[in-house]
Amino acid sequence: MRSASTPSHASTQTRRTNTNTNTVAARVAKKGDASQSEPVFTSPPDLEALNSPKEHGSATAATATKSSASSASSTTKKPSQNINIIPIGRWADGIPSAMGGHYLPSGSLAPLSNSKGPGIDIEPLYFDYPSSEVDTRVLVYDTPYAAAGGLAEEVAGASKAAIAAKGSFTIALSGGSLVKSLNALVARTDVDFSKWYVLFSDERVVSLSSADSNYKAAADEFLSKVPIPSSQILKIKEGLTASQTAEHYAGQMLDLSEEILPRFGAEKLPVLDMVLLGVGPDGHVASLFPNRKETAACADAGWVIPVVDSPKPPSARITLTMPVINAAKKVVVCALGEGKAEVVQRALEVQSLPGALPVQLVRPQEGLVWMLDTKSAQALSTGTWEDKKAYPRSEFAS
Ligand code: 6PG
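What comes next is a walk through the structure. (Residues numbered from 1 in each chain as written. Predicted model: local features only at pLDDT ≥ 70, side-chain atom pairs only at ≥ 80, totals over all residues. Heavy atoms only, no water.)

**Considering the nonpolar core**
In this structure, Trp196, Leu223, Leu276, Trp370 and Leu372 are the most contacted members of the largest nonpolar core, which totals 88 residues. A total of nine residues in this core trace back to one element, the largest contributor, which is helix α2 (residues 144-166). (Core = buried A, V, L, I, M, F, W, Y, C linked by side-chain atoms within 4.5 Å. Buried < 20%, exposed > 50% of the residue type's maximum accessible area, 1.4 Å probe, protein only. Helix = DSSP H or I, 4+ residues; strand = E, 2+ residues; numbered from the N terminus.)

Shown next, in the form of structure tokens:
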């Protein structure tokens, strides 16, 4: 368990001179800290050796300097400059790039989000970019199959580290296309699934046998094929309202001992070992959608909150809050396929307006990994990542 004064440790990965690779490791540096913003080009995990993990070599210079306490507590303050009001109709063709908007590959400005808002008529919400720096590795694989192997490698590594440190591994899964990639974990003989505790970063409030259930999707693809004791898979209780479901789910999390799910900081946030997130084309993660009050929820909102009118069906959901996601040790964002190219480019290369791109608020304590394939990475200009400009690369102008 980390203490408030313990900085997150540096990420370590193999560095090769092999240029025949499309893997990029970049670190999200604090705005203005140009000296720490250089991307590092590295090789992907050795895909042929995914089932026999090999020792990683020399460390790259990637350091997160802010304490996790700073990350967690920053979610509770309400800076007045970060209000998501965009005067409606002012930029009919999209938000200018100077304001965080971005250009489409066609050259035209991206249209406004089709989620509720933005507009002067929406409830003003306070969003805060956590002040902590975080290591970010961006891994680009040739195919979704290779990406699934890379994801299995990341998860297996985190599982081993957690089990060695505290005897258990807690992981939160998302729904959507991500679950298909989990299938690659089934073949891992080096993972002690009996020590796993599986949660859901978000869940649709439907029956567990429904085709919409994130639990069912994960069970079909992965959970039913590995020896995780069923009592260690936290499922929603059926037949409740979204609000009751959220409360009941948080209760199950609270029932996990602090040895399994350590609490952290003054807010006693749960520290999950790993959270796996998909990302929607609008930048949502879990069920935290753009410009929504759930996305702005502070640490005191509870660990799990209801969403009753989700822009993505089904409308009733529960979700971990952003402070809980950010209290996790490690988060992997998995975005594969051409349909994700635009949001990937926007998230990694353009500062959006506060709250407009929830994935940009993700700042886990010990590292963030983006897993991409060549199709979802196609709009990135990684060649310019060495220009020493700090991330985000465009300025928010008020
Ligand atoms: C859900 C998810 C959601 C999902 C993204 C990406 O329950 O809907 O948890 O956050 O991960 O929408 O989904 P796709 O990868 O299917 O686009």
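**A short note on α2**
Its 23 residues give α2 an end-to-end C-alpha distance of 32 Å, which sits within 8% of 33 Å, the value for a rise of 1.5 Å per residue. Just past α2, the residue glycine 167 takes up positive phi, approximately 85 degrees. (Expected span 1.5 Å × (residues − 1).)

**Notes on the site of the ligand**
Around the ligand, the surrounding shell holds 14 residues, and the nearest of these are Ser177, Asp202, His284, Ala286 and Lys312. Taking arginine 204, its side chain carries an N or O atom lying 2.7 Å from an oxygen atom of the ligand. The separation between an oxygen atom of the ligand and a polar side-chain atom of arginine 317 is 3.2 Å. Coverage of the ligand by the protein chains reaches 90% of its 420 Å² of free accessible surface. (Near = heavy atom within 4 Å. Polar contact = N/O pair within 3.5 Å; in protein donor to acceptor, adjacent residues only side chain to side chain. Areas by Shrake-Rupley, 256 points an atom, 1.4 Å probe, with all protein chains shown as cover.)

**Observations concerning helix α5 (residues 242-255)**
A rise of 1.5 Å per residue sets the reference length of α5, with its 14 residues, at 20 Å; its end C-alpha atoms lie 20 Å apart and thus fit the reference within 8%. Burial in α5 covers these residues: Ala242, Thr245, Ala246, Tyr249, Ala250, Gln252 and Met253. Seen from one end, α5 has its buried residues packed into an arc of 155 degrees, which puts them on one side. Of the exposed residues in α5, the ones pointing more than 90 degrees away from its buried face are Glu247 and Asp255. Buried residues in α5 make contact with β5 (196-200), β7 (263-264), β8 (269-270), β10 (304-307) and β11 (317-320). (Arc of directions from axis to C-beta. Contact = heavy atoms within 4.5 Å.)

**Examining the packing of aromatic side chains**
Tallied over the entire structure, the rule returns five aromatic pairs. Ring centres 5.0 Å apart and planes at 65 degrees place the aromatic pair phenylalanine 169 and tryptophan 196 in the edge-to-face group. With phenylalanine 169 in strand β4 (residues 169-173) and tryptophan 196 in strand β5, this pair connects stretches of sequence that are 27 residues apart. The same class applies to phenylalanine 169 and to tryptophan 196, which are both buried. Residues phenylalanine 200 and tyrosine 215 carry aromatic rings whose centres are separated by 6.3 Å and whose planes lie at 80 degrees to one another, so their mutual orientation is edge-to-face. Of this pair, phenylalanine 200 sits in strand β5 while tyrosine 215 sits in helix α4 (residues 214-221), and the two are 15 residues apart along the sequence. Side by side, phenylalanine 200 and tyrosine 215 carry an identical accessibility label, which is buried. By way of ring pairs, the aromatic residues Phe169, Phe193, Trp196 and Phe222 are connected into one cluster. (Phe/Tyr/Trp six-rings, centres within 6.5 Å; stacked < 30°, edge-to-face > 60°.)

**What to know about the pattern of salt bridges**
Pairing is possible between side chains that carry opposite charge, provided their charged atoms lie close to one another. Throughout the structure, instances matching the rule amount to 13 salt bridges. The partner of lysine 166 in a salt bridge is aspartate 273, with the nearest N and O atoms 2.8 Å apart. With lysine 166 in helix α2 and aspartate 273 in the loop between β8 and β9 (274-278), this pair connects stretches of sequence that are 107 residues apart. For the pair formed by lysine 166 and aspartate 273, the shared burial category is buried. Put simply, Glu153, Lys160, Arg188 and Asp190 are held in one network by salt bridges that share partners. (Salt bridge = Lys/Arg side-chain N within 4 Å of Asp/Glu carboxyl O.)

**Re the sheet that holds strand β6 (residues 202-204)**
Read from one edge of the open sheet, three strands run β6-β11-β10, paired in antiparallel fashion. Here the strands that pair on one side only, and so sit at the sheet edges, are β6 and β10. Averaged over all neighbouring strand pairs, the angle between strand axes comes to 20 degrees, with direction disregarded. In the packing of α5 onto the sheet, the strands contacted are β10 and β11, and the crossing angle to β10 comes to about 165 degrees. (Pairing = 2+ DSSP bridges. Axes fitted to C-alpha atoms, helices over the stretch in contact; angles between N-to-C directions.)

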